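Residue-level structure breakdown
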Amino acid sequence: MTDSFLKKVADKVYQLGDPYYQTYLVRGEKCALVETGLSYTVPKVVTRLAELGISPEEVRYLVITHAHFDHVCGAPGLQKAFPEAQTLASAIAARVVNKENVVANHFKEDRETVNNLIARGLLPDYDTSFQPPATVRVDRIMNEGDVIDLGDDCTLAFYMTPGHSPCSMSIYLAEEEVLFPSDCLGYPFSNMDIFTMYLSSYRDYLDSIRKVSGLDTSVLALPHAPAILEKGKVRDFMRHSLEMAQEVHNHIIRSFRNGRSFEDLSLELFKRYYKENWAVQSEENMRICTDLVVRRSLEAENITFSK
Ligand SMILES: [Zn+2]
């Protein structure tokens, strides 16, 4: 892809991705990669690290922020490229990526996304011989409050931020006030709309947004968009993310009580959010996501429904 996003977003943090998916390098005495991306992002990350003069042995940690396909499928390739690296994930994420049926489906989605990128004229050099593994290795379980010291005044603190998924973590580099929220703040579109993604629990999603909003953040290292680089803008984004979640939830509840069907509401969300760079994921996957948002809203209000 020509539009490389290699960019220094803080003194010790580099954004290595493209307009679709980010991996972030945190460079202390040891290096960590936060977000493992998709299969196609691996060669890009390897090349960028080489450009930065980082040897493969310096990469000591790979962080799987949660167990969705677009945050997992790059892990096997990165593990191969960086053999000294330990792969970190939450306990729930580790269990999920150890299931063969889940991982098989993840790589199917990975391939569909790759095909959509190819259809957009991107990825001319994707290695189509790529063979996905049966499961994805995790070496170390991270719990709330765990800290990884990379040396050179560089520590990564781990926070459990469920709601998008039960297994979601956010990572905070206190020395530089950089937050890696993964998907816990939703997906931003160009018109300021945000795809609010409470796929596992509406209440947990709100709690997680409030939790990360309490961290002093100057750089918001988003996984699907360029990092936000200014404290005021980060604060605005977090506030907006919370408001959008509440707005969507209230709309679903109001509309359902007024007689709109589950399917109709899910389709409305699909049409609103399946666009721009987000639409490189499969329609099927997106329909699952919008169904889940409607479901979690209704569950949060103890409303019975059939679906
Ligand atoms: Zn996700």
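Note: the structure precedes this text.
Parameters and conventions
Residues numbered from 1 in each chain as written. Predicted model: local features only at pLDDT ≥ 70, side-chain atom pairs only at ≥ 80, totals over all residues. Helix = DSSP H or I, 4+ residues; strand = E, 2+ residues; numbered from the N terminus. Rg over C-alpha atoms; globule rule 2.2 N^0.38 Å. Contact = placed C-beta atoms within 7 Å. Axes fitted to C-alpha atoms, helices over the stretch in contact; angles between N-to-C directions. Parallel < 35°, antiparallel > 145°, perpendicular 65-115°, else oblique. Nonpolar A, V, L, I, M, F, W, Y, C, P; charged D, E, K, R; others polar. Left-handed = near helix turned anticlockwise from the far one by under 90°. Pairing = 2+ DSSP bridges. Expected span 1.5 Å × (residues − 1). Buried ≥ 20, exposed ≤ 12 C-beta atoms within 10 Å, placed from the backbone.

A tally of helices and strands in the chain yields eight helices and 14 strands. A compact globule built from 307 residues would reach a C-alpha radius of gyration of about 19 Å, and the chain, at 19 Å, matches this within 12%. For the C-alpha atoms alone, the extent of the chain along its principal axes is close to 60 × 45 × 35 Å. For the chain, the share of sequence-separated contacts (at least 6 apart) that also reach a separation of at least 24 residues comes to 67%.

A few words on the packing of helix H6 (residues 231-257) against helix H8 (residues 283-300). At their nearest, the axes of H6 and H8 sit 9 Å apart, and the two run at 75° to each other. It follows from the interaxial angle that H6 and H8 lie roughly perpendicular. Contacts from His249, Ile252, Ile253 and Phe256 of H6 reach H8 at Val294, Ser297 and Leu298. Across the contact of H6 with H8, the residue classes break down as five nonpolar, two polar and no charged.

Below, the discussion takes up the packing of helix H5 (residues 202-213) against H6. Interaxial distance between H5 and H6 falls to 10 Å at its minimum, and their mutual angle equals 165°. Overall, the two elements H5 and H6 adopt an arrangement that is roughly antiparallel. Judged by the sense of rotation from one axis to the other, the crossing of H5 with H6 is left-handed. Mapping the contact onto sequence places Tyr202, Tyr205, Leu206, Ile209, Val212 and Ser213 in H5 and Met238, Ser241, Leu242, Ala245 and His249 in H6.

The strand order across the open sheet formed by five strands is E8-E9-E10-E11-E14, and the pairing between neighbours is mixed. A single partner strand is all that each edge strand has here, and the edge strands are strand E8 (147-149) and strand E14 (219-220). Sheet topology note: the E8/strand E9 (residues 155-160) ladder contains three bridges and is antiparallel. Counted as the bridge partner of Val147 is Ala157 from E9.

Take helix H4 (residues 100-119) next. Owing to its 3.6 residues per turn, the α-helix aligns residues three or four sequence positions apart on the same side. For H4, with 20 residues, the first-to-last C-alpha span of 28 Å sits near the 28 Å given by 1.5 Å per residue. Of the residues making up H4, those classed as buried are Val103, His106, Phe107, Glu109, Asp110, Arg111, Thr113, Val114 and Leu117. Against H8 lie the buried residues of H4. Looking one or two places after H4, you find Gly121, whose phi comes out positive at around 85°.

It is worth spelling out the pairing of strand E1 (residues 7-10) at this point. Summarising the sheet, E1 and strand E2 (residues 13-15) pair through three bridges and their orientation is antiparallel. Counted as the bridge partner of Lys8 is Tyr14 from E2. Connecting E1 to the next strand, E2, in antiparallel fashion are two residues.

Attention shifts here to unusual backbone geometry. Look at Glu177: it is not a glycine, yet its phi comes out positive at around 50°. Tracing the backbone shows Glu177 in the loop between strand E10 (169-173) and strand E11 (178-180). Positive phi, normally seen in glycine, also occurs at Ser182, with a value near 50°. For Ser182, the position within the fold is in the loop between E11 and strand E12 (187-188).

Nothing here speaks to function; it is all geometry.
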